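Residues per chain, in single letters:
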Amino acid sequence: MIVFRSPADVPAGFGPSVVAIGKFDGVHSGHRAVIDRARVDAANSDARVVAVTFDRNPLALLRPELCPENLIGVHQKLQMLAETGVDATLMLTFDRALADLTPRAFVEHVLVDALGVRIVLVGDDFRFGAGGAGNPDVLRELGREFGFEVEVVGDVRAIDGGRRVSSTWIRELLAEGDVAGSARLLGRPPAVWGEVVHGLKRGRELGYPTANLSNDLEGFIPADGVYAGWLVDESSADGLRPGIRYAAAISVGTNPTFDDVPVRQVEAHVLDETDLDLYGHRVEVQFTNRVRGMVAFEGVDALVRQMADDVERVRKALT
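Residues numbered from 1 in each chain as written. Predicted model: local features only at pLDDT ≥ 70, side-chain atom pairs only at ≥ 80, totals over all residues. Heavy atoms only, no water.

Engineer: I would appreciate a short explanation of the sheet that holds strand E10 (residues 244-253) in the present structure.
Structural biologist: Hydrogen bonding along the main chain pairs the strands of a sheet, whether they run parallel or antiparallel. Strand order in the closed barrel formed by six strands is E7-E8-E11-E10-E9-E12, with antiparallel pairing between adjacent strands. For this sheet, the mean angle separating the axes of adjacent strands, direction not counted, is 45°. Where strand E9 (residues 225-233) and E10 come together, nine bridges link them in antiparallel fashion. Bridged to Ala228 within E10 is Ala249. Along the sheet, helix H8 (residues 179-186) makes contact with E9 and strand E12 (282-292), crossing E12 at roughly 125°. Helix H10 (residues 300-317) rests against E9, E10, strand E11 (265-270) and E12 of the sheet, and its axis sits at about 100° to E12. (Pairing = 2+ DSSP bridges. Helix = DSSP H or I, 4+ residues; strand = E, 2+ residues; numbered from the N terminus. Axes fitted to C-alpha atoms, helices over the stretch in contact; angles between N-to-C directions. Contact = heavy atoms within 4.5 Å.)

Structure representation (structure tokens):
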């Protein structure tokens with residue numbers, strides 16, 4: 001997948017293209033429905049499939065007090081968009097200059113001049129341009145003027161209850177620790193991504209060494225607790241092969257037994273690996289099942305017994 005950071009980076013004559021536009025926070029099943037439709041539309045022509053998205057939620061600039069926590073960061077978003085099979089992603093920097101573009105200027109500058117768009121696909125709630133003045137109807141009007149079609153892809157809804165699949169719903173599930181439920185909406189396990197850093201090394205002292213992720217990781221951290229999942233060492237990827245995947249028992253929280261961790265921390269104990277050196281590596285930690293909530297234990301012995309039980313429960317959950 002080609003990545004462009006600005007319309008100016010798109011080479012002349014890059015189009016024609018079929019473009020899917022959205023925040024794509026989480027690249028969940030609703031987002032993929034839009035992208036899948038774009039791929040179908042492009043299959044009958046010589047057009048490229050392009051995802052146009054943003055480096056942050058526009059609310060982070062426009063209404064920061066209302067901006068929710070992102071489900072994924074920029075690195076994760078690009079990786080997930082690449083997995084959908086798009087030919088290119090235009091990752092726009094959402095700054096004041098972009099926010100102040102009129103709908104017409106956005107269409108002309110980004111879609112027409114840079115991408116040579118033939119078809120634009122958006123969701124029902126798509127808004128664009130200064131003050132959110134643009135919507136699918138405005139986009140259709142501009143399409144008639146500039147010579148492209150507009151398709152609005154309807155919401156993906158749950159079979160039971162009919163609720164619309166959304167980033168908001170996924171955040172709610174993760175905040176409750178329901179990683180299995182969020183995985184069903186995402187189409188893959190929820191995950192965080194970041195660098196392995198040195199911690200207090202208490203896990204090693206207790207016989208369960210852990211890979212501690214830095215606090216500036218990407219991704220939405222689920223509720224405190226212990227989870228079954230996978231650690232993927234992306235630093236081991238070579239462009240042809242993906243990173244090495246390890247079964248892991250994952251802890252999220254502030255270590256209430258010792259009460260000496262000031263901020264929530266994600267740490268993963270790789271099963272059956274006692275001397276694995278991951279310091280400085282970029283890893284993805286995927287959550288598949290919640291094993292238990294986070295509790296404080298009375299003494300180290302009780303904690304170690306529980307950790308042994310956690311590992312066995314994780315092992316069973318992953319087999």
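Text resumes after the structure shown.
Engineer: Just to check I follow, could you spell out the nonpolar core for this structure?
Structural biologist: Looking at soluble globular proteins, one finds that nonpolar side chains tend to be buried together. Judged by nonpolar contacts, the single largest core of 49 residues is most densely connected at Val192, Leu231, Ile250, Val266, Val285 and Phe287. When sequence neighbours within four positions are dropped, the list of residues in contact with Phe287 reads Val179, Pro189, Pro190, Ala191, Val192, Pro222, Tyr227, Ala228, Ile250, Val252 and Val266. (Core = buried A, V, L, I, M, F, W, Y, C linked by side-chain atoms within 4.5 Å. Buried < 20%, exposed > 50% of the residue type's maximum accessible area, 1.4 Å probe, protein only.)

Engineer: Is there a simple way to think about the sheet that holds strand E1 (residues 2-4) in this case?
Structural biologist: Strands sit in the order E1-E4-E3-E2-E5-E6 across an open sheet of six strands; the sheet is parallel. The sheet terminates laterally at E1 and strand E6 (149-153), the two strands that pair on one side only. Strand-to-strand twist of the sheet, defined as the mean angle between neighbouring strand axes without regard to direction, takes the value 20°. Sheet topology note: the strand E2 (residues 17-21)/strand E5 (residues 117-123) ladder contains four bridges and is parallel. Residue pairing in the sheet places Ala20 in a bridge with Leu121 of E5.

Engineer: Before we go on, may I ask you to explain the packing of helix H7 (residues 167-175) against H8 in this structure?
Structural biologist: Each pair of packed helices gets described by two things: the angle between the helix axes and the distance between those axes. Put simply, H7 and H8 touch, their axes get as near as 8 Å, and they point 160° apart. As the angle between them shows, H7 and H8 are arranged roughly antiparallel. H7 and H8 meet at a crossing whose hand is left-handed. Residues Trp169, Ile170, Leu173 and Leu174 of H7 lie in contact with H8, whose contacting residues are Val179, Gly181, Ser182, Leu185 and Leu186. (Parallel < 35°, antiparallel > 145°, perpendicular 65-115°, else oblique. Left-handed = near helix turned anticlockwise from the far one by under 90°.)

Engineer: Even after reading the chapter, I still don't get H8, so can you show me in this structure?
Structural biologist: Helical geometry: 3.6 residues make up each α-helical turn, so side chains three or four residues apart lie on a common side. Along H8, the residues classified as buried are Val179, Gly181, Ser182, Leu185 and Leu186. Buried residues of H8, viewed axially, fall in a sector of 155°; they line one side. On the buried face of H8, the contacting elements are helix H1 (29-43), H7, E9 and E12. One or two steps after H8, the chain reaches Gly187, where phi turns positive at roughly 85°. (Arc of directions from axis to C-beta.)

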